[in-house]
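Secondary and tertiary structure notes
As a plain string of letters, each chain reads:
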Amino acid sequence: MTNHKHHNYAELPPMGWNSWDCYGAAVNEDDVRGNADYMAANLKQFGWDTIVVDIQWSEPGANSSHYRKYVPLEMDEYSRLMPAVNRFPSAANGQGFKPLADYVHGLGLKFGIHIMRGIPRQAAHADTALLGTTATARQIAHPNSICPWNTDMYGLDVNVEGAQAYYDSLFQLYASWGVDYIKVDDIADSRLYGIHMDEIKMIRKSIDKCGRPMVLSLSPGPAPVDRAQELIENANMWRITDDFWDIWHLLLDMFDRCERWAPHVGPGHWPDCDMLPLGHIGIRSVDGGGADRMTRFTRDEQRTMMSLWSIFRSPLMFGGELRDNDDWTNSLLTNEEVIRVLREGSNARLISREDGRVVWASDAADGSLNVALFNVGEEKQAVSAEWSALGFAQAGSVRDLWERQDLGSLDKLAFELAPHASILLNVKA
């Protein structure tokens, strides 16, 4: 497969924190700095290195995950949204996110932001100026290209003069702030219109032109698997699901999605299973069927999610308030042996699936095999894999990665698993 320059920006699946699951649209500067401090002190050594400010950071009155409609957003003279200063005080005097990005960079971390595709509706209605073109906001806006769940933006008319210049001006601004990671929403699957590949390609051009490497993440899902090659050519990661929450049927559904997308996983291009709704979530975000709570996933379900995401090699974006993590939650994020499956595995593949018994495998960098066995059924049952199905002529030496325990040479890989439980193994010949 051709390596594209932007694949070098995310050679490994990104690992970070995103503000949505705990703070919705209402995250503020103190929240971001606090979670960045925690990551730098406790998680950076394990590969967690990205802090992402999610949606509506330009909305002064945002207070939950429910968007206020048709409200004024903070914007500069060139129709570009700016951080709301009441929520991000360091953005005062036109500094934007540069002071906050500098703070995050000072901790040895990367800084990311969320944007919606297109141009603010308020810019189009006021017909404000654009940078680098004589066209104006109204001329490049496509008023029929709207987001069904948020009223902030119009899509761009990709065929008119000035549309590309507007995206160029956005990424020029983000480069000046020091943005390392950009999540673009209402673009991979817009519900009303499907994928917006023309705008994705425009954004790719703008990032390439801005002079700063930025990881490009596309939301929401499900992105269409028949467009996988174009997604690989233009982005680093793209959602394969709608918003994922701490509800078992959503996790069960991810087994099908991962099976479909596994052939398209590779260095620099990562199908994305969405955020990890772990720890303390719903603080100001009331999506996913619940308000302020600790994750509703059982401990077995939490390990099952982490095992599937890791062997499949999804990006890992933690959704909870990091400062409230308990020892159990941190154990999910700081197990070097599991993280090695994510970072060094390859060729993830479904081995078998029958009656709620699911087996996945991936190749480890040292020539051994990673094997995950899942019981996705509702009763306790044995889940097994024949050595021959895994490519072994005889029994191998087995290690339980979550428990960090050698199990020795087993005649057969077979384990009694509780409902929704799993075991993640490394096997050497």
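Residues numbered from 1 in each chain as written. Predicted model: local features only at pLDDT ≥ 70, side-chain atom pairs only at ≥ 80, totals over all residues. Heavy atoms only, no water.

For the rest of this paragraph, the subject is the packing of helix α10 (residues 299–312) against helix α12 (residues 336–344). Remark: α10 packs on α12, axes separated minimally by 6 Å, with the N-to-C direction vectors making an angle of 35 degrees. Each of W309, S310 and I311 in α10 lies in contact with α12, whose residues at this interface are V338, V341 and L342. In terms of residue class, the contact of α10 with α12 is made up of five nonpolar, one polar and no charged. (Axes fitted to C-alpha atoms, helices over the stretch in contact; angles between N-to-C directions. Helix = DSSP H or I, 4+ residues; strand = E, 2+ residues; numbered from the N terminus. Contact = heavy atoms within 4.5 Å. Nonpolar A, V, L, I, M, F, W, Y, C, P; charged D, E, K, R; others polar.)

Quick look at the domain arrangement of the protein now. When cut into domains, the protein gives domain 1 (5–344) and domain 2 (349–428). Look at where the C-alpha atoms of domain 1 and domain 2 centre, and you get two points 33 Å apart. With 25 residues of domain 1 at the interface, the matching set in domain 2 holds 26 residues. For the domain 1 and domain 2 pair, buried surface summed over both sides reaches about 2,300 Å², with 60% attributable to carbon and sulfur atoms. Across the domain 1-domain 2 interface, the total number found is four salt bridges. One salt bridge in this structure joins R404 and E336, with 3.1 Å as the shortest N-O distance. Looking at the side of domain 1 that touches domain 2, the elements with two or more residues in it are α9 (248–261), α10, α11 (327–333) and α12. When residues of the side of domain 1 that touches domain 2 are assigned to their parent elements, the largest contribution, nine residues, is made by α10. (Domains from an automatic or database assignment. Buried area = accessible area lost by both parts, 1.4 Å probe. Salt bridge = Lys/Arg side-chain N within 4 Å of Asp/Glu carboxyl O.)

Once that is clear, we can look at the sheet that holds strand β1 (residues 15–18). In space, the eight strands of this open sheet follow the order β10-β9-β8-β7-β3-β2-β1-β13, with parallel pairing throughout. Unpaired on one side and paired on the other, β10 (270–272) and β13 (316–318) mark the two borders of the sheet. Looking at each pair of strands side by side, their axes are set apart by 25 degrees on average, direction ignored. Bridge analysis of β1 against strand β2 (residues 50–53) gives three bridges, and the strand direction is parallel. From the neighbouring strand, N18 faces β2, where its bridge partner is V52. Against the sheet, helix α3 (residues 98–106) makes contact with β2 and β3 (110–116), and its axis sits at roughly 145 degrees relative to β3, the strand it touches most. (Pairing = 2+ DSSP bridges.)

In this section: unusual backbone geometry. A cis amide bond links S219 with the next residue in sequence, P220, at an omega value of -20 degrees. Within the fold, P220 resides in the loop between β8 (215–218) and α8 (228–234). Between G221 and P222 the backbone carries a cis peptide bond, its omega angle lying at 5 degrees. On the secondary structure map, P222 appears in the loop between β8 and α8. Phi is positive for R313, close to 75 degrees, though the residue is something other than glycine. Checked against the element boundaries, R313 lands in the loop between α10 and β13. A relative accessible area of 9% places R313 in the buried class. Phi angles above zero are rare outside glycine, and D355 is one such case at about 50 degrees. For D355, the position within the fold is in the loop between β14 (346–354) and β15 (357–363). (Buried < 20%, exposed > 50% of the residue type's maximum accessible area, 1.4 Å probe, protein only.)

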